[in-house]
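Listed here are the chains, written in short residue letters.
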Amino acid sequence: MMARFYRYRLPPWCRTWLLIIERALLPILIFQLCRTLFFPTTFDVLLLGFLVGLFTAFYLQWI
């Protein structure tokens, strides 16, 4: 059985980067959503999907 990912076992510099990414993700996600709505390209849609998945992973505490 695999052990659950535990954020606090990481080195302090890695926890700091995770916190920075977690805090900056929502504004980037909102900007990308607006950009995708006004100027949709394949890359923008894929990037938005990736950002939504990453945001969901942080929200559900998978990361």
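Above this text you will find the structure in question.
A brief report on the enclosed structure follows. Keep in mind it's a predicted model, so treat the numbers as computed, not measured.

Calculation rules
- Residues numbered from 1 in each chain as written.
- Predicted model: local features only at pLDDT ≥ 70, side-chain atom pairs only at ≥ 80, totals over all residues.
- Heavy atoms only, no water.
- Helix = DSSP H or I, 4+ residues; strand = E, 2+ residues; numbered from the N terminus.
- Expected span 1.5 Å × (residues − 1).
- Contact = heavy atoms within 4.5 Å.
- Core = buried A, V, L, I, M, F, W, Y, C linked by side-chain atoms within 4.5 Å.
- Buried < 20%, exposed > 50% of the residue type's maximum accessible area, 1.4 Å probe, protein only.
- Axes fitted to C-alpha atoms, helices over the stretch in contact; angles between N-to-C directions.
- Left-handed = near helix turned anticlockwise from the far one by under 90°.
- Nonpolar A, V, L, I, M, F, W, Y, C, P; charged D, E, K, R; others polar.

**Concerning helix α2 (residues 42-59)**
Then comes step 1: Helix length check: α2 (18 residues) gives 26 Å between terminal C-alpha atoms against 26 Å at 1.5 Å per residue, within 8%.
Then comes step 2: Buried positions along α2 lie against α1 (12-38).
Then comes step 3: Positive backbone phi, at 60°, marks Gln61, one or two positions downstream of α2.

**Some details on the nonpolar core**
Then comes step 1: Residues Leu18, Leu25, Leu29, Leu48, Leu51 and Phe58 constitute the largest nonpolar core, which totals six residues.
Then comes step 2: Secondary-structure elements contributing two or more residues to this core are α1 and α2.
Then comes step 3: In contact with Leu25, other than residues within four places in its own chain, are Leu51, Leu54, Phe55 and Phe58.

**A few points about the environment of Leu47**
Then comes step 1: Position of Leu47 relative to the elements: it lies in helix α2.
Then comes step 2: Sequence separation of Leu47 and Thr36 is 11 residues, and the distance between their C-alpha atoms is 9.3 Å.

**Focus: the packing of α1 against α2**
Then comes step 1: Where α1 contacts α2, the two axes come as close as 9 Å, and the packing angle between them is 145°. Between α1 and α2 lies a crossing of left-handed hand. Seen from α1, the contacting residues are Leu18, Ile21, Glu22, Leu25, Leu26, Ile28, Leu29, Gln32, Leu33, Arg35 and Thr36; seen from α2, they are Asp44, Val45, Leu47, Leu48, Leu51, Val52, Leu54, Phe55 and Phe58.
Then comes step 2: Tallied by class, the residues present in the contact of α1 with α2 amount to 15 nonpolar, two polar and three charged.

**Describing unusual backbone geometry**
Then comes step 1: Positive phi, normally seen in glycine, also occurs at Gln61, with a value near 60°.
Then comes step 2: Relative to the helices and strands, Gln61 is located in the segment after α2.

Purely geometric stuff here, so don't read any function into it on its own.
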